[in-house]
Amino acid sequence: MRASLLQIDVNEGESIDSRRLRVASLVREQAGAAELVVLPELWTTGAFAYEGFASEAEPLEGPTHEAMAKAASDAGVWLHAGSIPERDPDGPLYNTSLVFSPSGDLVAAYRKIHRFGFDKGEAVLMGAGEELVTVRLPETTLGVATCYDLRFPELFRGLVDAGAETLVVPAGWPERRRAHWTLLAQARAVENQAFVLACGTAGTHAGVPQAGHSIVVDPWGEVLAEAGAGEQVLTVEFDPAKVATTREQFPALKDRMLGLPAPRR
């Protein structure tokens, strides 16, 4: 299976409408090059541009949904379209990821569970999601998480218990904690014996330099591909069957004693 991670530079001088058009074009360029395309977190606004969340928030089926659905259909790819600031008409804002099928259908939406900022920013401006989300592709089952979620291993255990084999993590991760980004991506891969596809942003958002360095890690923790700091497309080929092989050769997940799902009755 081939995946392309689009490490977008969220240029503060570029309008959101212009960026949507540019990103849709980049998605279309992946036709024939990848079966799965992944975008970063909050690429329409910038993950640290808190002051724009309310004004730039859109409904789930808003302009970004429309543009990305068409791009996925035009390219014939599965598209994890990163995340948007979603305005729920009956509730708060959410940091919501959208996943589209090759026919352009919205097959999943994930509201970020762990909000970053402590007592400011996303943590106070957005509501917390409550549901784990997986998406079944012909080749593998995706487990969906977003940025700060990467620091909470119990979420990923839940995704594995739900059948996830490939963990997809769009992010807007700051450069000053880039070492954590790489370390945590590898840790989530090793402890869950799963592939990790972690796609970050490039450039500077609201004065915060971004880490870039999108990364693909295999179930043994080996880095299959890693981007640099600037905007680029990172394309990698990986074998989803390696998850089952790894779990059979080194069946550590079977030795879990804590945090197991309740037995069915």
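Heads up: the structure comes first, above all this text.
Let us look at the structure shown here. Only a predicted model underlies this, so the values are computations on that prediction, with no experimental measurement involved. (Residues numbered from 1 in each chain as written. Predicted model: local features only at pLDDT ≥ 70, side-chain atom pairs only at ≥ 80, totals over all residues. Heavy atoms only, no water.)

Re helix H6 (residues 178–192)
- Between its first and last C-alpha, H6 extends 21 Å over 15 residues, near the 21 Å set by a 1.5 Å rise per residue.
- For H6, every residue scored as buried is listed here: Trp181, Thr182, Leu184, Ala185, Arg188, Ala189 and Asn192.
- Check the buried side of H6 and you find it contacts helix H5 (153–161), strand E8 (166–170), strand E9 (195–199), strand E12 (215–217), strand E13 (223–226) and helix H7 (241–249).
- The positive-phi residue at the C-terminal boundary of H6 is Gln193, with phi of around 50°. (Helix = DSSP H or I, 4+ residues; strand = E, 2+ residues; numbered from the N terminus. Expected span 1.5 Å × (residues − 1). Buried < 20%, exposed > 50% of the residue type's maximum accessible area, 1.4 Å probe, protein only. Contact = heavy atoms within 4.5 Å.)

Regarding the environment of Pro174
- In this structure, Pro174 sits in the loop between E8 and H6.
- Since its relative accessible area comes to 4%, Pro174 is described here as buried.
- Separated by 37 residues in sequence, Pro174 and Ala211 have C-alpha atoms that sit 5.0 Å apart.
- With sequence-adjacent residues up to four places away left out, Pro174 is seen in contact with Phe48, Val208, Pro209, Gln210 and Ala211.

Let's talk about the sheet that holds strand E14 (residues 232–237)
- As summarised here, the arrangement of the six strands in space is E5-E4-E3-E2-E1-E14, forming an open sheet in which the pairing is mixed. Strands with a single pairing partner mark the edges of an open sheet, and in this sheet they are strand E5 (106–111) and E14. Within the sheet, the average angular offset between the axes of one strand and its neighbour, ignoring direction, is 25°.
- Here strand E4 (residues 93–100) runs beside E5; their pairing, made up of five bridges, is antiparallel. Counted as the bridge partner of Phe100 is Leu106 from E5.
- Each of strand E3 (78–87), E4 and E5 is contacted by helix H3 (residues 63–75), which is oriented at about 15° to E4, the strand it contacts most. (Pairing = 2+ DSSP bridges. Axes fitted to C-alpha atoms, helices over the stretch in contact; angles between N-to-C directions.)

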